[in-house]
Structure formats: C-alpha cells, structure tokens
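Residues per chain, in single letters:
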Amino acid sequence: MNAAIIFVLLFALMLTGMPISISLGLTVLTFLFTMTDVPIQSVALKLFTGIEKFEIMAIPFFILAGNFLTHGGVARRMINFATSMVGHWHGGLALAGVMACALFAAVSGSSPATVVAIGSIILPAMVKQGYPNRFGAGVITTSGALGILIPPSIVMVMYSVSTNTSVGKLFMAGVVPGLLLAFLLGLTTWYLARKNNYPRLKKATWAERVAAFRKSGWGLFLIVIVMGGIYSGVFTPTEAAAMAAVYAFIIAVFVYKDLKLSQVPKVLLDSASMSAMLLYIITNAVLFSFLVTSENIPQAMAAWITDSGLGPITFLLVVNILLLLAGNVMEPSSIVLIMAPILFPVAMKLGIDPVHFGILIVVNMEVGMCHPPVGLNLYVASGITKMGITELTIAVMPWLLTMLGFLVLVTYWPALSLWLPNLVFN
C-alpha cells in the first residue's frame, strides 16, 4: 500500500510539469512527514551523506573536460582523421561521423556533447555533399548515444554511485559493447548509403592519414590518459576525471589554440550549471532511494518475483520494457538514480552480475535518448538540423531498430560485457 502511495504521488507531481528532481524531493518529504515519524534531522543528514561519495566528484570533472573538448577544435580534427580512414566507402562522410562519434565518446562521457561537437561540424558538410538532411540527422543522433556507453561515461558513474559497483569494472565492461554498437551503426549506415548510392569521397593516401592522425593525436591521447591511468592503477576514476579536465584545458587553449582564455570563464560557468543540475537530481534521488529502502519496497519486489517463479530471462525482459517506457518520460540520469536502487537488489537475488546489469541499463538509456518525447539527442539534433521532432523520429528509425537488436544481444549474452573486465581484473 505504501509503495502505491509513493509512486502515485511521484507520478502525479511529474504530470504537473514539475522538474523530476523537485518531484522526487517533494514525494519524499510529503510521505515522511504525513505517514511516518521520521525526524527532520535524519532527512537533512541523509541529504549530505548521500552525496558524500568520492566517485560523485568525477561527474563535474568529466562534464568540464567534455565542454573544453567541444569548444576546443578536438572534434574537427577527429572528423578529419575518421574521414581519411573511411571516407572512400559508400556513405563515407556518414561513416566518418559514426567513427568520429565513437572517438569523441571515448573522451567526453556525454551523449548530447558528442551530438553537438560532431553534428554541428559534419551535418552541414554532409548536406553540402548531397546527402539528404534526414540521413545525416539519423546517423549523428544515434551515433552520439555512444557517448554514454564507450568509457568514460557519466551515466556509468551514476549507476556506480547508486549501487556501489566498481566504476573501473563498468568502464572496462563498456569497451567491447561500445565498439560493437559503433560497428553495427556503421554497418546500417553503409548499407543504406550503398542502397541509395550516396556520395563517396576520394580515397586518402597513407601520408594524408598519418598527418590527420598526428593532428588529432593530442585529443586521442586523452583516451590513453584516462583508461591507461585507471587500469594501470596510477589513479582512480575520479582522479582520472580531474586529469582529463586539466589535459583538455591545456590542449584546447595552448596546443590547438581554438579556445581563447577569455572564453574559459563561460566554459567553466556552463559546466558548473550542468554539474549543479545533475548533483541536485542525485541529492533528491538519494533521498528517494532512502525512502524506498526504508519501506522495504526492493525486498518485497524481490520476494514477489522469486515467489512467482520469474527467472532471470523474464526479469531482464521486464527490466528492458520498464526502462524503455521510463525513457519516454524521463532523462537518463533520473532513470538510473530512481530505478537502479529498486531493481538492483532483485537482480542480485536472481544471480545477475552487477556489471552486466549496469551495461544493460546504460544501453537502455542510449535507446531512450534517441526516441521521443524526451530523447535528449533528438532535441540537440533538432537544434542543429532545424528539423521537427516528428521528422527526426522517422529519420532515426533504421538505426534505432539496430540499437534495439543490440539491446537484446547485450541482455542475453552477458559475456559480451563481462569478458574484458574478467580478463583484466582476474
């Protein structure tokens, strides 16, 4: 009964158009002060202890690093390198967009940042070369979603904070699925381009490829710093995020010189406002998680699932449907912070690996970012292409279907996510 009251109250507040973070906080406070005897001091204490986690510091640093890279010409050099490698194939420029998104994802940790950085440069170039606007928008909207699967990933940090799962293992687990999804999106792009006979570029010489790689090398080296630093044990994921922010600042301002020192305060301010928004959501989600746990909702749910004979296969199917439905009305950060603490104990009771479960949730978030009405990537791409959300939804359909097929693969083939972390950490 209490569970029903909590969720009805939450959805009622969300339907009023209230921001999710405030809806979460109000739900908790209303329930605690009208239905329980919990003292107000414990609520205040929970607010502070909930975000008093070292891993959370990684979020503002990765956001800052991503913003420096978005403004600092790194994306343009990555596109030039990608174009030199795959531009001569069918739909060469579109394939370069997929490859550039994968490369930029490996340094930014954010899907919208990837769509903005790569899309704002490559989409006008594709239209100029004769590609339909819809095709380019479909490629970049979905490929930009790689930003949260290929590590480092802000969504993975949030899942780690919610469930106390190792960030390092999650980052490592995202590598193989991330590369496979990039390949499948590229394959879909190539097939459509070949079928419709879209333009190809002149094949680049090896000298041109080496020159393009050297120019983009400073940006690509950030992947080595973050991933190499974490897995060699030189620094933790949080320290890696701080290193990434400092390194991104240096290459954007002093090496590539695309970002003037006078523009740095604006980048800092943008990063601070985005970080504050996410931290506010985290704070309220921690409170909500505390309420749900104190009312024994995850435990009751786990008991009901095991008593009704639902096995891991059916449970994972239910989780996918639930998360895809949640993706219709909420953005990824909120979904992870609300759903993970509820679903995680059930998954553990059914013997599902916490790292595999984390990757499954991240892939669901990717799909959610590419379909209406709340798909963040759709809105970002809409701003770049000046296309309506309905038209964009039709444009992304072939790639969205590819992503749904990939979701099934990730869900029921745990080895895809677990092979690399098991190899490194065992």
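Above this text you will find the structure in question.
Residues numbered from 1 in each chain as written. Predicted model: local features only at pLDDT ≥ 70, side-chain atom pairs only at ≥ 80, totals over all residues. Heavy atoms only, no water.

### Some points on the nonpolar core
A general feature of soluble globular proteins is that nonpolar side chains tend to end up buried together. Counting 149 residues, the largest nonpolar core has Ile 118, Phe 135, Phe 288, Phe 315 and Phe 357 as its most contacted members. Among the elements that take part in this core, helix H6 (residues 92–108) stands out by supplying 13 residues, more than any other. Excluding anything up to four places from it in sequence, Phe 315 contacts Ile 305, Leu 343, Val 346, Ala 347, Leu 350, Ile 352 and Phe 357. (Core = buried A, V, L, I, M, F, W, Y, C linked by side-chain atoms within 4.5 Å. Buried < 20%, exposed > 50% of the residue type's maximum accessible area, 1.4 Å probe, protein only. Helix = DSSP H or I, 4+ residues; strand = E, 2+ residues; numbered from the N terminus. Contact = heavy atoms within 4.5 Å.)

### Focus: the packing of aromatic side chains
Applying the stated criterion across every chain yields a total of twelve aromatic pairs. On the basis of an interplanar angle of 55° and a centroid distance of 6.2 Å, the ring pair of Phe 221 and Tyr 247 is categorised as tilted. With a gap of 26 residues between them, Phe 221 in helix H11 (residues 206–231) and Tyr 247 in helix H12 (residues 237–255) connect regions that are remote in the sequence. Their ring planes at 90° and their centres at 5.7 Å tell us that Phe 249 and Phe 254 sit as a pair that is edge-to-face. A relative accessible area of 21% means that Phe 249 is categorised as partly exposed. Three or more aromatic residues joined by ring pairs make a cluster, and in this case those are Tyr 131, Phe 135, Tyr 198 and Trp 399. (Phe/Tyr/Trp six-rings, centres within 6.5 Å; stacked < 30°, edge-to-face > 60°.)

### Things to note about helix H7 (residues 111–129)
Under the 1.5 Å per step criterion, the end-to-end length of H7 is 26 Å for 19 residues, consistent within 8% with the ideal 27 Å. If you check which residues of H7 are buried, you get Ser 111, Ala 113, Thr 114, Val 115, Ala 117, Ile 118, Gly 119, Ile 122, Leu 123 and Met 126. Elements in contact with the buried residues of H7: helix H4 (58–71), helix H5 (74–86), H6, helix H8 (133–143) and helix H18 (376–385). (Expected span 1.5 Å × (residues − 1).)

### Quick word on the environment of Lys 386
Relative to the elements of secondary structure, Lys 386 occurs in the loop between H18 and helix H19 (389–412). Take Lys 386: its relative accessible area is 69%, and that puts it in the exposed class. When the C-alpha positions of Lys 386 and Thr 306 are compared, they lie 49 Å apart, and in sequence the two are 80 residues distant. Looking at Lys 386, its side chain comes within polar contact range of the main-chain oxygen of Gly 383, at 2.8 Å. (Polar contact = N/O pair within 3.5 Å; in protein donor to acceptor, adjacent residues only side chain to side chain.)

### Let's talk about the state of the cysteines
The tally for this structure, following the rule as stated, stands at zero disulfides. Distance from the sulfur of Cys 101, which forms no disulfide, to the nearest cysteine sulfur (Cys 370) is 10 Å. Residue classification places Cys 370 among the buried positions, given a relative accessible area of 0%. (Disulfide = S-S within 2.5 Å.)

### Some words on the side chain of His 356
Mapped onto the elements, His 356 comes out in helix H17 (residues 354–368). From its side chain, His 356 meets the backbone oxygen of Val 410 in a polar contact 3.0 Å long. Those residues in contact with His 356 that lie beyond four places of it in its chain are Leu 316, Val 410, Thr 411, Pro 414, Ser 417 and Leu 418.

### Examining the pattern of salt bridges
With the rule as written, the count across this model stands at four salt bridges. Between Arg 77 and Asp 258 there is a salt bridge, with its nearest N and O atoms 2.7 Å apart. One end of the pair, Arg 77, is in helix H5; the other, Asp 258, is in the loop between H12 and helix H13 (264–294), with 181 residues separating them in the sequence. According to the relative accessible area criterion, Asp 258 is partly exposed, its value standing at 28%. Taking the shortest distance from any N to any O, the salt bridge between Glu 391 and Arg 134 comes out at 3.7 Å. Remark: Arg 134 occurs in helix H8 and Glu 391 occurs in helix H19; sequence separation between them is 257 residues. (Salt bridge = Lys/Arg side-chain N within 4 Å of Asp/Glu carboxyl O.)

### Considering unusual backbone geometry
Here the residue pair Pro 151 and Pro 152 is connected by a cis peptide bond, since its omega of 0° sits within 30 degrees of zero. Structurally, Pro 152 can be placed in the loop between H8 and helix H9 (154–163). Backbone geometry at Asn 197 places phi at a positive 55°, although glycine is not the residue there. A residue is classified by how much of its surface remains accessible, and Asn 197, at 60% relative accessible area, is exposed. Phi is positive for Lys 257, close to 60°, though the residue is something other than glycine.

### Some remarks on the packing of H7 against H8
Contact geometry for H7 and H8: axes closest at 10 Å, N-to-C directions at 160°. It follows that H7 is roughly antiparallel to H8 by the angle criterion. For H7 against H8, the interelement crossing comes out right-handed. Residues Val 115, Ile 118, Gly 119, Ile 122, Leu 123, Met 126 and Val 127 of H7 pack against Asn 133, Phe 135, Gly 136, Ala 137, Ile 140 and Thr 141 of H8. Residue composition of the contact of H7 with H8, grouped by class: nine nonpolar, four polar and no charged. (Axes fitted to C-alpha atoms, helices over the stretch in contact; angles between N-to-C directions. Parallel < 35°, antiparallel > 145°, perpendicular 65-115°, else oblique. Left-handed = near helix turned anticlockwise from the far one by under 90°. Nonpolar A, V, L, I, M, F, W, Y, C, P; charged D, E, K, R; others polar.)

### Focus: a nonpolar patch on the surface
Residues Ile 313, Leu 317, Ile 321, Leu 325, Val 408 and Tyr 412 make up a contiguous nonpolar surface patch of about 580 Å² in total accessible area. Those elements that provide at least two residues to the nonpolar patch are helix H15 (312–326) and H19. Broken down by element, the residue count for the nonpolar patch peaks at four residues, all from H15. Mapping Ile 313 onto the fold places it in helix H15. (Patch = residues over 30% accessible without salt bridge, like charges linked within 9 Å, V, L, I, M, F, W, Y side chains within 5 Å. Areas by Shrake-Rupley, 256 points an atom, 1.4 Å probe, with all protein chains shown as cover.)

### Details of the packing of H4 against H9
Between H4 and H9, the shortest axis-to-axis distance is 10 Å and the interhelical angle comes to 180°. In terms of orientation, H4 lies roughly antiparallel with respect to H9. For the pair H4 and H9, contact is made by Ala 58, Ile 59, Phe 62 and Ile 63 and by Ile 154, Val 157 and Met 158, respectively.

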